[in-house]
There are 2 protein chains.
Amino acid sequence: MINYEALFKISYGLYVVCSGSKEQGNGYISNTVFQVTSDPPRFATCCNKDNHTVGLIESSAAFSVSVLQIDAGAGIIGTFGYKSGKDTDKLKGMEVRYGETGVPIVLNDAIAFLEFRVVETVDVGTHLMFIGELVQTEVLDDTVDPLSYLHYRKVKKGVAPKNAPTYMDKSKLEKSKVEQVFAKYECPACGYIYDEEKEDVKFDDLPDDWVCPICGEEKSEFIKL
Amino acid sequence: MINYEALFKISYGLYVVCSGSKEQGNGYISNTVFQVTSDPPRFATCCNKDNHTVGLIESSAAFSVSVLQIDAGAGIIGTFGYKSGKDTDKLKGMEVRYGETGVPIVLNDAIAFLEFRVVETVDVGTHLMFIGELVQTEVLDDTVDPLSYLHYRKVKKGVAPKNAPTYMDKSKLEKSKVEQVFAKYECPACGYIYDEEKEDVKFDDLPDDWVCPICGEEKSEFIKL
């Protein structure tokens, strides 16, 4: 039997992965960045084939990883995680440095960044896995812990975007808590769920100017499930 | 420039990865287990080519992942992380279940386990990356957080074993703190460093029955660096 709750026990960080150039750059939120060999140090990241950034990584053969800090704002996660670079210039207004390979590196809410040259690409199904060799790295703030996916889920009540490797189709989760007296409200922009069972305040009792903690969508746009 | 300290900002969990069978099973500590696609849910793990377990995963085409809990004891990390299955039967005395594929699953200090059938193997240099499809998963304890590599390093003062993808050659780390008045003592069994600069107690002042927090090696065996 597969209990999908077990998948949430795997630990991840949260990162902004960028690629492209000064003229055409883009990025997305990733939780799958990890070291795969120690000598030389190589890292892998998975990118959904539907992501706008996938083509940029393929053509520039490079990408950057900005490590988000534990208190990263909803703004940066909303912009890079729940919008598409096909429709918006995600880097507009962001603090960006350009790396040795020319890829953009997002500095907002970042405690460190790593820049990679792609040495191998593996097709893993819905995603491409890019394996990269280190070009440069920098620690920007050594006093703050990185944001973990567990913290993002438990404290920030965030959910994985649809293109993430860890996206969870809600129907797959066990239905043990179905007979609830609490209601759930879904953000139409990013899929964030306000679950009254886990909150101290009923949705209706939230102030009118309350916004989605993930993407900033207005309360009035939420859909009762 | 590459600042190797930046590599420590990437988040990982800590797992016991096992393979083989009832007759010949083995496992090792891994921090690189991660989901690579959501549909179907596929996971990857990296295993050093020198690890005894690598041959078992290749021949059985399956492996299990036990998610360690935040307070996992030094015993399990010492056994699976710093000993070789070539010399010892690591599973002896452990609480083990055998999966649908026949691989051993370690239950000690585990809050969940996942069992995989290997669908692809990628040679990434010093390590092989095994990509697996879910066979079964189970949550064993939903009240305790998983152990993160950050917690293991910061709170438990642990270091990565030599065969880990995240093993760090100490000479690579920046030498900014070289002119210290504190001494460092290294565990000859597992490489754990007792760094007086980071501890409240000088090494000599530790009780004689103090043992390595990682592998249990005796204080008298430590080597002053």
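For the structure itself, consult the block above.
Owing to the predicted nature of the structure, the values given are computational and were not obtained by experimental measurement.

The rules behind each value
Residues numbered from 1 in each chain as written. Chains lettered and ligands numbered in written order. Predicted model: local features only at pLDDT ≥ 70, side-chain atom pairs only at ≥ 80, totals over all residues. Heavy atoms only, no water. Least-squares fit on C-alpha atoms with pLDDT ≥ 70 in both. Contact = heavy atoms within 4.5 Å. Buried area = accessible area lost by both parts, 1.4 Å probe. Salt bridge = Lys/Arg side-chain N within 4 Å of Asp/Glu carboxyl O. Polar contact = N/O pair within 3.5 Å; in protein donor to acceptor, adjacent residues only side chain to side chain. Helix = DSSP H or I, 4+ residues; strand = E, 2+ residues; numbered from the N terminus. Nonpolar A, V, L, I, M, F, W, Y, C, P; charged D, E, K, R; others polar. 1 Å grid on protein atoms, 1.4 Å probe; cavity = no way out; pocket = protein on both sides within 12 Å on 5 of 7 lines; lining within 4 Å. Points joined across faces, edges and corners; volume = space filled by probe spheres on them.

## Some points on the relation of the copies chain B and chain A
(1) Moving on: Once turned by 180° and shifted 0.0 Å along the axis, chain B lies on chain A with an RMSD of 0.1 Å. With respect to symmetry, the two chain copies, as superposed, fit the operation of a two-fold axis. Relative to the rotation axis, the closest C-alpha in chain B is found at Tyr12(B), a distance of 2.8 Å.
(2) Moving on: When the interface residues of chain B are mapped onto chain A, 100% of them again fall at the interface, so both copies present the same face.

## Examining the interface of chain B and chain A
(1) Moving on: At the interface, 58 residues of chain B touch 58 residues of chain A.
(2) Moving on: Buried area between chain B and chain A, summed over both chains or domains, comes out near 4,500 Å², and the portion from carbon and sulfur atoms is 59%.
(3) Moving on: Its largest share of buried area at the contact with chain A, chain B owes to Lys9(B), Ile10(B) and Gln35(B), together 15% of the area lost on that side.
(4) Moving on: Close ionic contact of Lys9(A) with Asp142(B) constitutes a salt bridge, the shortest N to O distance being 2.5 Å.
(5) Moving on: Summed over the shared surface of chain B and chain A, the number is 16 residue pairs in polar contact (both at pLDDT 80 or more).
(6) Moving on: Going through the elements one at a time, strand S3 (33-38), strand S4 (41-48), strand S8 (110-123), strand S9 (127-139) and helix H3 (149-154) of chain B are the ones with two or more residues in the side of chain B that touches chain A.
(7) Moving on: Broken down by element, the residue count for the side of chain B that touches chain A peaks at nine residues, all from S9(B).
(8) Moving on: Per-class residue counts for the side of chain B that touches chain A are 33 nonpolar, 13 polar and twelve charged.

## Some thoughts on empty space enclosed by the protein
Residue and element names in this part refer to chain A.
(1) Moving on: Scanning the model with the defined rule gives five cavities of 30 Å³ or more in all.
(2) Moving on: Taken together, 13 residues line the largest cavity, and the ones lying closest to its centre are Leu-14, Ile-29, Ala-160, Pro-161 and Ala-164.
(3) Moving on: Of all the secondary structure elements, the ones that give two or more residues to the lining of the largest cavity are strand S2 (25-30), helix H2 (74-82) and helix H3 (149-154).
(4) Moving on: For the lining of the largest cavity, the element with the highest residue contribution is H2, accounting for three residues.

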